[in-house]
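Listed below are the residues making up each chain.
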Amino acid sequence: MKKILFLVFVMLCSCQSNKKENPNPILNSPPDPYFIDIKTNDVKLGKPAFGDWLYSHPEKGQSFEQFINTKHIVPTQKENIIYLQPIGKFDSLQVKQIELVRQYLQVFFQLETKVLKNVPNDIIPKHARRIGDVGQEQFLAGYILDSILKKQKPQKRIALMAITEKDLYPKPEWNYVFGLASYRDKIAVSSIHRLHDSTLEGADFSLCLERLLKICSHEIGHMFGLRHCIEGNCVMNGTNSIPETDAHSVRLCSLCQRKLNSGFKYDNVKRLQELEKYFKENNLEEGLTLMQKDLEKVKSK
């Protein structure tokens, strides 16, 4: 009997020893110095005011360990292309914005991004349409997810986002929604309708583009397992309104960058340089300044 008990004790000790000898290689290795360097550029969030996302949604955030231990998708040889699906009748400036969003997402996630052939508004049936509070036509966002996007299986798709020129609503009792997503199915829809103030010319073009970049990168970030960020001013912050979206950064904070990079394994500095070039070419001063600050921290080491 003593021999049996001793054998069980040895086996238990052996199992515990093996656990210690085989730790999670990602969690137990030190972070890349890159993330430590740029962390000094993270901007702490202020106390949420009435109407802010965190005022009504007191979230706990997501640590790096929680992210790693939560099931989430990462690119593979079979799934590594992001797709955009335009729905509606877009003018030339809107078409240009969609192409600029494609370019940005390709740099932001370091994954090939393609725009699918535009589909007309009549793909949306009457029962999934209504007239909004100020006379604008609206589409039911859930219909677009369930009856259009779910059926689409473009080659090597890892994420699919529709962009509409019509306003969206999620259910009858809601006035509108900027977008809607099914992270499990890796699909989402966003609307341009409320993102510009007037004619999309001049400064209004840049403002609308910046909002689109934030919304699209935020929603696709969720598809890759990033939850709302409470660590600092970050594109993954939750938002309740356009003014709050405008106040949030277009930049991923150092923690969210580390999460994303853990499965993608792209070159962090190359990504920064490409983002800097994009913001410069498109006269987006806020993003350009943020990327230059991060590059300065990296180059100074």
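The coordinates are above.
Residues numbered from 1 in each chain as written. Predicted model: local features only at pLDDT ≥ 70, side-chain atom pairs only at ≥ 80, totals over all residues. Heavy atoms only, no water.

(A) Representation of the sheet that holds strand S6 (residues 167–169) within the structure. Reading across the sheet, the three strands line up as S3-S4-S6 and stay open at both edges, with mixed pairing between neighbours. What marks the edges here is a single partner per strand, and that holds for strand S3 (129–131) and S6. Neighbour to neighbour, the strand axes of the sheet diverge by 40° on average, direction disregarded. One ladder, built from three bridges, connects S3 with strand S4 (residues 137–140); its direction is antiparallel. Bridging across to S4, Ile-131 finds its partner in Glu-137. Taken strand by strand, helix H6 (residues 141–149) contacts S4 and S6, and its axis lies near 45° from that of S4. (Pairing = 2+ DSSP bridges. Helix = DSSP H or I, 4+ residues; strand = E, 2+ residues; numbered from the N terminus. Axes fitted to C-alpha atoms, helices over the stretch in contact; angles between N-to-C directions. Contact = heavy atoms within 4.5 Å.)

(B) Inspection of the environment of His-248 at higher detail. Tracing the chain through its elements places His-248 in the loop between helix H8 (242–247) and helix H9 (254–264). Taking relative accessible area as the criterion, His-248 reaches 12% and is therefore assigned buried. The spacing of His-248 and Glu-79 is 169 residues in sequence and 30 Å in space, taken between C-alpha atoms. Those residues in contact with His-248 that sit more than four places away from it in its chain are Lys-214, Asn-233, Cys-234, Asn-237, Gly-238, Thr-239 and Glu-286. (Buried < 20%, exposed > 50% of the residue type's maximum accessible area, 1.4 Å probe, protein only.)

(C) The pattern of salt bridges, seen in detail. Tallied over the full model, the rule gives 13 salt bridges. Here Glu-137 ties to Lys-166 by a salt bridge, and the two come within 3.5 Å at their closest N and O atoms. Here the residue Glu-137 occupies a position in strand S4, and Lys-166 occupies one in the loop between strand S5 (157–164) and S6, the gap between them amounting to 29 residues. The salt bridge partner of Arg-251 is Asp-294, with a shortest N-O separation of 2.8 Å. Here Asp-294 lies in helix H11 (residues 285–299) and Arg-251 lies in the loop between H8 and H9, a separation of 43 residues in the sequence. Like Arg-251, the residue Asp-294 is buried in the burial classification. Each of Asp-146, Lys-150, Arg-184 and Asp-185 takes part in salt bridges that share partners, so that together they form one network. (Salt bridge = Lys/Arg side-chain N within 4 Å of Asp/Glu carboxyl O.)

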